[in-house]
Amino acid sequence: MRRAPIILLCRERPCGIAQLAPAIAALARFKSTASSASSLKQRVQELIPEKVAEVKEVKQKYGDRVLGETTVNMAYGGMRGIKGMVWDTSLLDASEGIRFRGMTIPEVQEALPKAEGTSEVTPEGLYWLLLTGEVPTLAQAQSVTDELNSRAVLPSFVEDLIDRCPNTLHPMSQFSIAVNALQHESKFAKAYQAGINRKDYWDPVFEDSLDLLAKLPLIASRIYRNVFKDGKYGSIDTSVDYSQNFANLLGFSENKEFADLMRMYLVIHSDHEGGNVSAHTTHLVGSALSDPYLSFAAGLNGLAGPLHGLANQEVLRWILDMTTAIGTETPTEDQIRDYCWKTLNSGRVVPGYGHAVLRKTDPRYMAQREFALKHLPNDNLFKTVSAMYKVVPGVLTEHGKTKNPWPNVDAHSGVLLRHYGLVEQDFYTVLFGVSRAYGVLAQLIWDRALGMSIERPKSLTTESIRKMFEK
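Residues numbered from 1 in each chain as written. Predicted model: local features only at pLDDT ≥ 70, side-chain atom pairs only at ≥ 80, totals over all residues. Heavy atoms only, no water.

**Student:** Explain the pairing of strand S1 (residues 90-93) here, please?
**Tutor:** Here is the key point about a regular strand: its side chains alternate between the two faces of the sheet. Every second residue of S1 is oriented toward a common face, the buried set being Ser90 and Leu92 and the non-buried set Leu91 and Asp93. Strand direction decides the pairing type here: S1 and strand S2 (residues 97-100), joined by four bridges, are antiparallel. Across the sheet, residue serine 90 finds its bridge partner in S2, namely phenylalanine 100. (Buried < 20%, exposed > 50% of the residue type's maximum accessible area, 1.4 Å probe, protein only. Helix = DSSP H or I, 4+ residues; strand = E, 2+ residues; numbered from the N terminus. Pairing = 2+ DSSP bridges.)

**Student:** I'm lost on the pattern of salt bridges in this one. Help?
**Tutor:** As a working rule, side chains carrying opposite charge can pair if their charged atoms are close by. Within this structure, the stated rule accounts for 23 salt bridges. Arginine 222 serves as the salt-bridge partner of aspartate 163, at 2.9 Å between the closest nitrogen and oxygen. Within this pair, whereas aspartate 163 is found in helix H7 (residues 156-164), its partner arginine 222 is found in helix H10 (residues 202-228), the two being separated by 59 residues in sequence. Among the ionic pairs, aspartate 362 bridges to arginine 364, the shortest N-O distance being 2.7 Å. Taken as a pair, aspartate 362 and arginine 364 share a single burial class, namely buried. (Salt bridge = Lys/Arg side-chain N within 4 Å of Asp/Glu carboxyl O.)

**Student:** When you look at the packing of helix H12 (residues 256-268) against helix H17 (residues 363-375) in this model, what are you seeing that I'm missing?
**Tutor:** Direction vectors running N to C along H12 and H17 enclose 170°, while the axes themselves pass 10 Å from each other. Considering the angle they form, H12 stands roughly antiparallel to H17. Here Glu257, Asp260, Leu261, Met264 and Ile268 of H12 come into contact with H17, specifically with Arg364, Ala367, Gln368, Phe371 and His375. Broken down by class, the residue content of the contact of H12 with H17 amounts to five nonpolar, two polar and three charged. (Axes fitted to C-alpha atoms, helices over the stretch in contact; angles between N-to-C directions. Parallel < 35°, antiparallel > 145°, perpendicular 65-115°, else oblique. Contact = heavy atoms within 4.5 Å. Nonpolar A, V, L, I, M, F, W, Y, C, P; charged D, E, K, R; others polar.)

**Student:** How should the packing of aromatic side chains be read in this particular structure?
**Tutor:** Pairs of aromatic rings are described using the distance from one ring centre to the other and the angle between the two planes. Scanning the entire structure with this criterion turns up 13 aromatic pairs. A centroid spacing of 5.5 Å and a plane angle of 85° characterise the contact between phenylalanine 188 and tyrosine 201, whose relative ring orientation is edge-to-face. With phenylalanine 188 in helix H9 (residues 187-193) and tyrosine 201 in the loop between H9 and H10, this pair connects stretches of sequence that are 13 residues apart. In terms of burial, phenylalanine 188 and tyrosine 201 fall into one category: buried. On the basis of an interplanar angle of 50° and a centroid distance of 5.2 Å, the ring pair of tyrosine 365 and tyrosine 389 is categorised as tilted. Of this pair, tyrosine 365 sits in helix H17 while tyrosine 389 sits in helix H18 (residues 380-399), placing them 24 residues apart in sequence. Tyrosine 365 sits in the buried class, given a relative accessible area of 0%. The structure contains a cluster of three or more aromatic residues connected by ring pairs, namely Tyr127, Tyr242 and Tyr438. Looking at arginine 222, its charged tip hangs above the ring of tyrosine 233, at a distance of 3.7 Å from the centre. (Phe/Tyr/Trp six-rings, centres within 6.5 Å; stacked < 30°, edge-to-face > 60°. Lys NZ or Arg CZ within 6 Å of the ring centre and 35° of its normal.)

**Student:** What am I meant to see in the sheet that holds strand S3 (residues 103-104) here?
**Tutor:** Each strand in a sheet pairs with its neighbour through backbone hydrogen bonds, running either in the same direction (parallel) or in the opposite one (antiparallel). The antiparallel open sheet is built from three strands, whose spatial order is S1-S2-S3. One side of each edge strand has no neighbouring strand; the edge strands of this open sheet are S1 and S3.

**Student:** Quick question: what am I supposed to make of the packing of helix H2 (residues 39-62) against H10 here?
**Tutor:** It is the contact of H2 with H10, at a shortest axis distance of 12 Å, that shows an interaxial angle of 150°. With respect to H10, the element H2 is oriented roughly antiparallel. In this structure, the crossing between H2 and H10 has a hand that is right-handed. Side by side, H2 and H10 meet where Leu40, Lys41, Val44, Gln45 and Ile48 of the first sit next to Trp202, Asp203, Phe206 and Glu207 of the second. Its residues placed into classes, the contact of H2 with H10 shows five nonpolar, one polar and three charged. (Left-handed = near helix turned anticlockwise from the far one by under 90°.)

**Student:** What is the right way to read a nonpolar patch on the surface from this model?
**Tutor:** A cluster of nonpolar side chains, contributed by Val72, Tyr76, Leu460, Met468 and Phe469, occupies part of the molecular surface with about 530 Å² of accessible area. Here phenylalanine 469 lies in helix H21 (residues 462-470). The class of phenylalanine 469 is exposed, set by a relative accessible area of 58%. (Patch = residues over 30% accessible without salt bridge, like charges linked within 9 Å, V, L, I, M, F, W, Y side chains within 5 Å. Areas by Shrake-Rupley, 256 points an atom, 1.4 Å probe, with all protein chains shown as cover.)

**Student:** Explanation requested: the pairing of S2 in the structure shown.
**Tutor:** The antiparallel pairing of S1 with S2 creates a hairpin that spans three residues between the two strands. The pairing of S2 with S3 spans two bridges and is classified as antiparallel. Among the inter-strand pairings, phenylalanine 100 is bridged to a residue of S3, identified as methionine 103. Linking S2 back to S3 in an antiparallel pair, the connection comprises two residues, with arginine 101 at a positive phi of about 50°.

**Student:** Please clarify how the confidence of the model for the protein should be interpreted in this entry.
**Tutor:** Close inspection of predicted coordinates is inappropriate for parts of the model with low pLDDT. Here the protein averages 90 in pLDDT, and 92% of its residues register 70 or above. A low-confidence stretch, residues 1-37 stays under pLDDT 50, and its non-local contacts, those more than four residues away or across chains, total 36 contacts. (pLDDT = per-residue confidence, 0-100.)

**Student:** Explain the side chain of serine 270 here, please?
**Tutor:** Mapped onto the elements of the fold, serine 270 is located in the loop between H12 and helix H13 (277-287). Engagement of the side chain of serine 270 in a polar contact is seen with the backbone oxygen of valine 267, the distance being 2.8 Å. Ignoring sequence-local partners within four residues, the contact set of serine 270 consists of Phe100, Leu126, Leu130, Ser435, Arg436, Tyr438, Gly439 and Val440. (Polar contact = N/O pair within 3.5 Å; in protein donor to acceptor, adjacent residues only side chain to side chain.)

**Student:** Explain unusual backbone geometry here, please?
**Tutor:** What you tend to see is this: most non-glycine residues have negative phi, and most peptide bonds are trans. Residues other than glycine seldom take positive phi values, yet methionine 79 does so here, at roughly 60°. By the element assignment, methionine 79 lies in the loop between helix H3 (72-76) and S1. The backbone phi angle of leucine 289 is positive, close to 65°, even though this residue is not glycine. Within the fold, leucine 289 resides in the loop between H13 and helix H14 (292-303).

**Student:** Help me understand the nonpolar core, please; the structure alone is not making it clear to me.
**Tutor:** Across soluble globular proteins, nonpolar side chains show a tendency to be buried alongside one another. Core analysis: the biggest nonpolar cluster contains 116 residues, and Tyr127, Phe175, Leu216, Ile219 and Leu422 have the highest contact counts within it. Setting aside chain neighbours within four positions, we find tyrosine 127 in contact with Leu40, Ser209, Leu210, Leu213, Tyr438, Leu441, Ala442 and Ile445. (Core = buried A, V, L, I, M, F, W, Y, C linked by side-chain atoms within 4.5 Å.)

**Student:** How do you make sense of helix H16 (residues 333-345) when you look at a structure like this?
**Tutor:** Note that an α-helix has 3.6 residues per turn; residues three or four places apart therefore point the same way. Between the first and last C-alpha of H16 there are 18 Å, a value that for 13 residues agrees with the 18 Å anticipated at 1.5 Å per step. Buried within H16 we find Ile336, Tyr339, Cys340, Thr343 and Leu344. Projection of H16 onto a plane perpendicular to its axis shows the buried side chains occupying an angular sector of 135°, all on one side. Turned more than 90 degrees away from the buried face of H16, the exposed residues are Asp334, Asp338, Lys342 and Asn345. (Expected span 1.5 Å × (residues − 1). Arc of directions from axis to C-beta.)

What follows is the structure, encoded as structure tokens:
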């Protein structure tokens, strides 16, 4: 296992004990968890035979059972609601919302270890839960933090590639380019070429996944600093957790609440079962035995679409356009209602409301609302979002064309980011991408551990459907 280069910086000039103290403390903690730093991998390795046996049993007992019926409308409607894939890390229920390994978001926020000095759980702890189905101890979550910190280095050619991108190229395009370029480092690709036994595929996929997770904040922050700021970059602090490092790299090191926002944001956006575009695309490309870099880059390209990850920035733009049109930062409920009807009557949608599966307020929206009530209750934009929560569902119900009139996760996230000074809306989907990596890469490891087949659904022509029913 690689070790973080903690004290090499002192070669340039003499360092006293005071200057060395933080590095020594970090090294001591790293050594104390070194024996457990690989325990996540060890635990996954222990679980694989159990899960393989479980899948075998389910296939033997229920392999010929029908999961559900497919209709013509489902085929034309983007396979909406078709039960046709396995995704063990999370499940989305229409009435309950998302569950991570059986746990609701409030349960996750209550049970998982908290970052030191905060009330927020960490994505590192969630990653342990997603991979093992077990709530980690504080030490186990910390071991994931240390493992990721030790891997957080970008190859110089990837840095150069990002730096050469014009700042007019959308951040998501730059993100995808950088992740694709990291494929040069893929341990799975090299192991496959060397003839690795398929039973061991999961091992290099695990290594690639942790390497990729560790590097994402460096990639994302470099894009952010190049496109929107001064092009100056920070470095990983091995003494802090993933979210604090991400906040520091973006340039928000002075704001403790922003690091808490990152923890909450990364956790709630991490996974949303396998049918959404970014998750399904990562799974689909991975099923061809493409390595985690190629698979996740494909998922990012799906996330970049306006019907998926770009929705959060569309919500914020709609709200800002509304306040500009009305001429106040705090529109009344009647003014919001009138503007909603104006939007609907023009043939557009009110962004941030409705969901393909959910038939209630998105629990991820509620998690963000609770965060806002705690940290920014007097923010004018948050007051507008709260007023919309009262008004928009009634308008959409009266309009009659939305099955779920309640807000989804995108209805809130932009407001929180803007409050803390991250106002560049084109970057919001990159944050979503960093978060989504936790869920899709955890599942990708299990896809290879369980020997999941290449995905190949049957397609039909319109004419074949017609003939099928005319008979």
